[in-house]
Structure formats: structure tokens, C-alpha cells
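Structural characterization, general
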Amino acid sequence: MDEQKENRGRYNVLSDVIARLRMEKDLAEPELAGQKPPAGLSEQERQKWEKQADQEAYRWLVEQHKPKAPVKRNLLLAFLVGGTICAAGQVIMNYFQGAGLGAKEAAAATSLVMVFLGAFLTGLGVYDSIGKVGGAGSIVPITGFANSIVSSAMEFKREGYVYGLGARLFTVAGPVLVYGFIVSVLIGLVTFYFSSGS
Amino acid sequence: MLQAAKKLGKQTFKFDNPPVIVSYASIVGPMEGQGPFGKEFDYVLEDDLFGEKTWEKAESKMLRETLKLAVQKASTSPAEVDFLLAGDLLNQIVTSNFAARALGIPFLGLYGACSTMAEALALGAMLVDGGFAERVVLGTSSHHNTSERQFRYPTEQGVQRPLWAQWTVTGAGAVLLAREGKGPAVTRATVGKVLDLGVKDANDMGSAMAPAAADSLLCYFQDTGEEPEDYDLIVTGDLGSLGLKVARELLVRGGLAVGENFTDCGVLVYYPEQDVHAGGSGCGCSAVMLCGPILKRMEAGNYRRILLVGTGALMSPLTVQQGESIPALAHVVAIEKKGEG
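What you see is a predicted model; the values in this text were computed from it and never measured. (Residues numbered from 1 in each chain as written. Chains lettered and ligands numbered in written order. Predicted model: local features only at pLDDT ≥ 70, side-chain atom pairs only at ≥ 80, totals over all residues. Heavy atoms only, no water.)

**Things to note about the overall build of chain A**
- Secondary structure summary: chain A contains 10 helices and 0 strands in total.
- Going from N to C terminus, chain A has its helices and strands arranged as α-α-α-α-α-α-α-α-α-α.
- In summary, chain A has a C-alpha radius of gyration of 27 Å against a globular reference of 16 Å for 198 residues, an excess of more than 25%.
- Taken along the three principal axes of its C-alpha coordinates, chain A extends 85 × 50 × 40 Å.
- Counting all 198 residues of chain A, 27% fall into the buried class.
- Taking contacts inside chain A between residues at least 6 apart in sequence as the whole, the part at least 24 apart equals 50%. (Helix = DSSP H or I, 4+ residues; strand = E, 2+ residues; numbered from the N terminus. Rg over C-alpha atoms; globule rule 2.2 N^0.38 Å. Buried < 20%, exposed > 50% of the residue type's maximum accessible area, 1.4 Å probe, protein only. Contact = heavy atoms within 4.5 Å.)

Structure, rendered in C-alpha cells:
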């Protein structure tokens, strides 16, 4: 502590700045104000408690300056972009069904076309721009899945076809596949249990 | 306590014979070329690949050519240069290593994330002032696409970035420091401490770095006894718009009322319409702004004394995934024009 006092000259050191922030936060949020470290903490635990209080005060300051995301606009754009992709899928599916495919075959064929379109637009360098506007609207549909795989493929091709493209093709899509499979197995088991029980 | 002869206060160093920036050079990518200072860089790349097969090769070529250009502009040759100091953002600082391979100058590789330019200036000045070198060339670079793939997502992936995210600058800047010559001089430097106030969001490097920038600046003014008004420009490396606001708040609470002269290279390097959100970042960000617009203005006499505050976020994608917060670092370098007045 002596070292800090020695340093205190014309300007505060950062630890003083943070101490002041903590006081300001207490004034702004009286319900949390003046919180003392709980009794019976060891020196190490007390230091940890102080550090957390410092971090919370700093987070409080940062939050005041963080720009607010335009949630309404983002939601609307996600709806429009996602909706357009789904509507396009529906049109394609209707076409296949009209051409005489059954419901299952038409759905599979539609997925194929949509995956192709997602991949194609990624290759043209368009899909990342759509994603920037559409957010989840373009990530959630199957075109977004195609985008995540093709963009990885394009990215890592330069490290070779085995250790680059091959090994890292699913860096982004991998978790979707892994947990998708796990959930499908679980649902399969549930279905099996209930259908055999009846 | 024993105090080193060239040290002022706690963390600041004063150069007795301030090393002179005899030449400087910068190369930027196409997007930076379309920014507000596009015409003030030496060369604007037509595309991100710079005639190479990979972005990594392009970045290394960019750094190499920038360093060469700085040496050329000083009418000297690489053989006449005692040290090359360089750093970048890629793992094992390959950009710098590969550039050094081509140049044949004794090389010291540096890593201070985006603070590397200020780190290199401080160390280069120490080497020259300490009598270990007559000439030192130093430079740093970053490339949007090489950083993006190392730190974030594949470039073609359609993701939405938060409003406080920053855009890695494609560009390289280099400076040739010499013991004697014409040009502004590096007079003082404050070497920062690594600070961490618990920011974990890798998209929010500005707030992670703001405390380090504030701490180093408070320390600089404390150690030197100067005032912020003594400088025409106090420019941080890449805090971005959010980080700059937060740093200003911290400084005000520290008793240092910085005025209009306090700004950030990341905020300056792009137009707001370029839609990069909080601004530029990367080792190249402060390097190209310094080695282009800022030193040009010093040459023209618009600025006489400036402070460059290099700011670096010292995380890796691995530490972020393991839930660690982001340590940050800032170094202050004072550059002054000698002569009249």
C-alpha cells in the first residue's frame, strides 16, 4: 500500500480510478451500495472478492457507453431474409411436387437445391453479405449450413486437400452435426420406446 | 531505490540523444485506401492478395516491401542497417520472420499484439540512444483476412458482428530510426504493464484495452510532469470508438482531462460509412496511421509534438475459448519535431 501512496502525485493511478468507479456505481445503484466482503474470508478470498468488485465496476462503466444493437431492425431483417429463403424453398418444393415427386422425395430434392444455392452464393462471395444483413435469418436455414461448410473449404484449401480442406471442413459446422446426431439418436430411442410400448 | 540514468519516474524513459525518424513508409489494402487518409499512404494494394497465392504470403510481402521502402527513402541499403525490429499478429510472428528472411538485416522479432509498433519504436530508440545501433528499421503489419481466419471465422462465412467489434486493418508501416538526420525524433517512451479488468468478449477489445491505455497515459504524465495540452495529438492505437470513450472516462476520473487532441487510429482510419462498426484494429492500424498521415503532418508542420499510445489485446483464440479474460498492454511513445521554437 505504501508503494501506491508514494506514486500518488498530480494524477491518480488506475487503482484509484477504479476505486472511484466503485463509489460511483454504489451511488448509482443504491440497492447494491456499500457491499462489504463477507466476514470470515481468507486473505486470498478477500482479494478475489475485491477483484470481482473492480471488474463489476468497470463493466458498469463500459455498459454505459456500449452502443445499443438495433434489435427491432435486426429482428425485421432476420425475418425478411429468413422468410425469403424459406419462401424460395417452398416454391422449389411445390415445383418438384408439381413435377410428380412424392412429399419425401420433393423435400429431399429441395434440400439439395437449397444447399447448392447456399454453396454457390458463398463461392460468389455474396452469402457473407447476406449474413451481415440477415443475421440468424440466413444462418438457421439449410443454406447457412452450406455456407459454413463451403466457407471453411474455401478458407483452408490453401493448406492442402488433406490437412487443410479435409481436416477443417467442419470447423464451424461440426458442432451442429455432432449435437444434431446425438439429439436424433435420443429422439429415435424415445420414439422406439413409445411405439414398442403401444 | 536506485534509478537508472535514463529513467524518469516509474515507467518512463528519456532519450538523451533522441533518435530521428529519418524516413517512413506505409502500404495499405484496398479498403484502407478508400478511407479518409487513402491518398496519404505510399501504396494502396489493388486486391488483398498482392499478387500472391495466400493471404499470409501477401501480408509478409506487404511488410517486406514497406520495410524496403523505408530503407530506400532514407537513401541507404539494408546492409547499412544494424537492426530490424518487426512484429505482427500471426502465430509465431511468421509475417515478420519471413520478411526478415528476405532482408538480411539482424532481426529481433516482437510480439505485443496491436501495441507492437509502439513497442518497436521504444526499443528501437533505446538501441540507437544506447549506442548499440546507428540505424534501426522497424515495422509491423496486419491483414484483415489472415487475422480473421486465425482469430475468428472463415472470411466467407455469413456472420453478424456486434456494433463494438472492430475491423482488422490490412496494412504495414515502417520507420527508419537513425542517430542523426532530419526529421522528428523519439524523445520519450513509457513501457506499460499488462492489465486485465475482466473483459472476456473477444469482440470487445476496445474495452479490454482501455484501462491499459489510461494507465500508461496517467503514468506518462505523472512521470514527465507534462500536461496533455503540451501535445498536438495524443493518439491511441486501436481502441475503437467504444474503447476511446471508455479510456477518456477513465482518464477524466484519474484527473487527466484530455481534450479534442485525444483520438484513436482505429477511429480515424475508416469512414463511418465503411460500416466497420467500432473502427480499425491490428498491428497495422497504428503503424499505417503513424507512417502515413501523422508523420506527414509532422513533416508539414501541422503537428509538433505527438504521443502514440500503442494498445494491444494479448489473448489467443484458445484462451478465449477456455474462458480467460483478455489481458491488455499499452506503450506510450513521444515523437517531437526538433528545431525552431
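**Regarding the overall build of chain B**
- Helix and strand counts for chain B come out as 10 helices and 15 strands.
- Scaling as 2.2 N^0.38, a compact globule of 341 residues should have a C-alpha radius of gyration of about 20 Å, and chain B matches this with 18 Å.
- Element-wise, carbon and sulfur atoms account for 52% of the exposed surface of chain B, whose accessible area totals about 12,400 Å². (Areas by Shrake-Rupley, 256 points an atom, 1.4 Å probe, with all protein chains shown as cover.)

**Quick word on the domain arrangement of chain B**
Residue and element names in this part refer to chain B.
- Domain parsing of chain B yields domain 1 (7-178) and domain 2 (185-336).
- Taken over C-alpha atoms, the centre of domain 1 sits 17 Å from the centre of domain 2.
- Taken together, the 60 residues of domain 1 in the interface contact 62 residues of domain 2.
- Contact with domain 2 buries surface across domain 1, with Q11, Y24 and Q166 losing the most and accounting together for 16% of the total.
- Linking domain 1 to domain 2 there are 1 salt bridge.
- Put simply, R297 and E40 hold a salt bridge, and the shortest N to O gap is 2.6 Å. (Domains from an automatic or database assignment. Buried area = accessible area lost by both parts, 1.4 Å probe. Salt bridge = Lys/Arg side-chain N within 4 Å of Asp/Glu carboxyl O.)

**Focus: the interface of chain B and chain A**
- Counting residues at the interface gives 43 residues for chain B, matched by 45 residues for chain A.
- Interface of chain B and chain A: buried area, both sides summed, is about 3,900 Å²; carbon and sulfur atoms make up 56% of it.
- Summed over the shared surface of chain B and chain A, the result is 6 salt bridges.
- A salt bridge links B:E227 to A:R10, with the nearest nitrogen and oxygen atoms 2.7 Å apart.
- Counting across the chain B and chain A interface gives 20 residue pairs in polar contact (both at pLDDT 80 or more).
- The set of elements that each furnish at least two residues to the side of chain B that touches chain A consists of α5 (144-151), α6 (205-224) and α7 (240-253) of chain B.
- Looking at the side of chain B that touches chain A element by element, the count peaks at 8 residues for α6(B). (Polar contact = N/O pair within 3.5 Å; in protein donor to acceptor, adjacent residues only side chain to side chain.)

**Looking at the side chain of B:R253**
- Position of B:R253 relative to the elements: it lies in helix α7.
- By relative accessible area, B:R253 is classed as buried at 9%.
- Of note is the side chain of B:R253, whose polar atom sits 2.6 Å from the side chain of A:E24.
- For B:R253, the contacting residues outside a window of four places in its chain are A:N12, A:V17, A:R20, A:L21, A:E24 and A:L61.

**Re the pairing of strand β15 (residues 328-336) of chain B**
Residues and elements named next belong to chain B.
- With 9 of 9 residues buried, β15 is to be regarded as a mostly interior element.
- Here β15 shows a buried face lined by A328, A330, V332, A334 and E336 and a second buried face lined by L329, H331, V333 and I335.
- Here 5 bridges tie strand β10 (residues 185-190) to β15, and the two strands are oriented antiparallel to one another. Residue pairing in the sheet places T190 in a bridge with V332 of β15.
- Direction of pairing for strand β14 (residues 305-313) relative to β15: antiparallel, over a ladder of 9 bridges. Bridging from a neighbouring strand, A313 pairs with A328 of β15. (Pairing = 2+ DSSP bridges.)

**Some details on the nonpolar core**
- Within the largest apolar cluster, 45 residues are counted, with the highest numbers of intra-cluster contacts made by A:Y58, B:L217, B:F221, B:I234 and B:L307.
- By residue number, the principal contributor to this core is α6(B), which donates 11 residues.
- Each residue touching B:L307, except ones within four places of it in the same chain, is listed here: B:L217, B:Y220, B:F221, B:Y231, B:L233, B:I234, B:V235, B:V332, B:V333 and B:A334.
- Counting 44 residues, the second largest nonpolar core, distinct from the first, contains B:V128, B:V186, B:A287 and B:I294. (Core = buried A, V, L, I, M, F, W, Y, C linked by side-chain atoms within 4.5 Å.)

**Focus on the pattern of salt bridges**
Residue and element names in this part refer to chain B.
- Across all of its chains, the model carries 26 salt bridges over all chains by this definition.
- Its salt-bridge partner being K68, residue E65 comes within 3.5 Å of it at the nearest N-O pair. On the criterion of helical spacing, the pair formed by E65 and K68 is a turn pair, its members being 3 residues apart in helix α2 (residues 55-73).
- We classify E65 as partly exposed; its relative accessible area is 24%.

**What about the packing of helix α2 (residues 14-28) of chain A against helix α3 (residues 43-65) of chain A?**
Residues and elements named next belong to chain A.
- Close contact between α2 and α3 brings their axes to 9 Å; oriented N to C, the two are set at 70°. As far as their axial angle goes, α3 and α2 are roughly perpendicular. The hand of the α2/α3 crossing is left-handed. Residues I18, L21, R22, E24, K25 and A28 of α2 form the contact with α3, whose participating residues are W49, E50, A53, D54, E56, A57, Y58, W60 and L61.
- The residue makeup of the contact of α2 with α3, split by class, is 9 nonpolar, no polar and 6 charged. (Axes fitted to C-alpha atoms, helices over the stretch in contact; angles between N-to-C directions. Parallel < 35°, antiparallel > 145°, perpendicular 65-115°, else oblique. Left-handed = near helix turned anticlockwise from the far one by under 90°. Nonpolar A, V, L, I, M, F, W, Y, C, P; charged D, E, K, R; others polar.)

**Focus on the pairing of strand β7 (residues 135-142) of chain B**
Residues and elements named next belong to chain B.
- For β7, a buried count of 7 out of 8 residues is recorded, marking the element as mostly surrounded by other parts of the structure.
- Two strands pair when backbone bridges link them, and strand β5 (residues 83-87) and β7 are joined in this way by 5 bridges, in the parallel orientation. Paired with G87 across the two strands is T140, which belongs to β7.
- Where β7 lies against strand β9 (residues 171-178), 8 bridges are found, and the strand directions are antiparallel. Bridging across to β9, R135 finds its partner in A178.

**As for the packing of aromatic side chains**
- Summed over all chains, the structure comprises 7 aromatic pairs over all chains.
- Measuring from centroid to centroid gives 5.6 Å for A:F116 and A:F120, while their planes differ by 15°, and the two rings are stacked. Linking A:F116 with A:F120, this pair stays in helix α5 (residues 103-123), spanning 4 residues, or about one helical turn.
- For the pair B:Y220 and B:F221, a centre-to-centre distance of 5.4 Å together with 90° between the ring planes defines the contact as edge-to-face. Note on accessibility: B:Y220 and B:F221 belong to one class, buried.
- A connected cluster of aromatic rings, assembled from ring pairs, spans B:Y220, B:F221 and B:Y231.
- Taking NZ or CZ as reference, A:K66 lies 4.3 Å from the ring centre of B:W164, over its face.
- In this structure, B:K73 is placed above the aromatic ring of B:Y24, and the distance from its NZ or CZ to the ring centre is 5.5 Å. (Phe/Tyr/Trp six-rings, centres within 6.5 Å; stacked < 30°, edge-to-face > 60°. Lys NZ or Arg CZ within 6 Å of the ring centre and 35° of its normal.)

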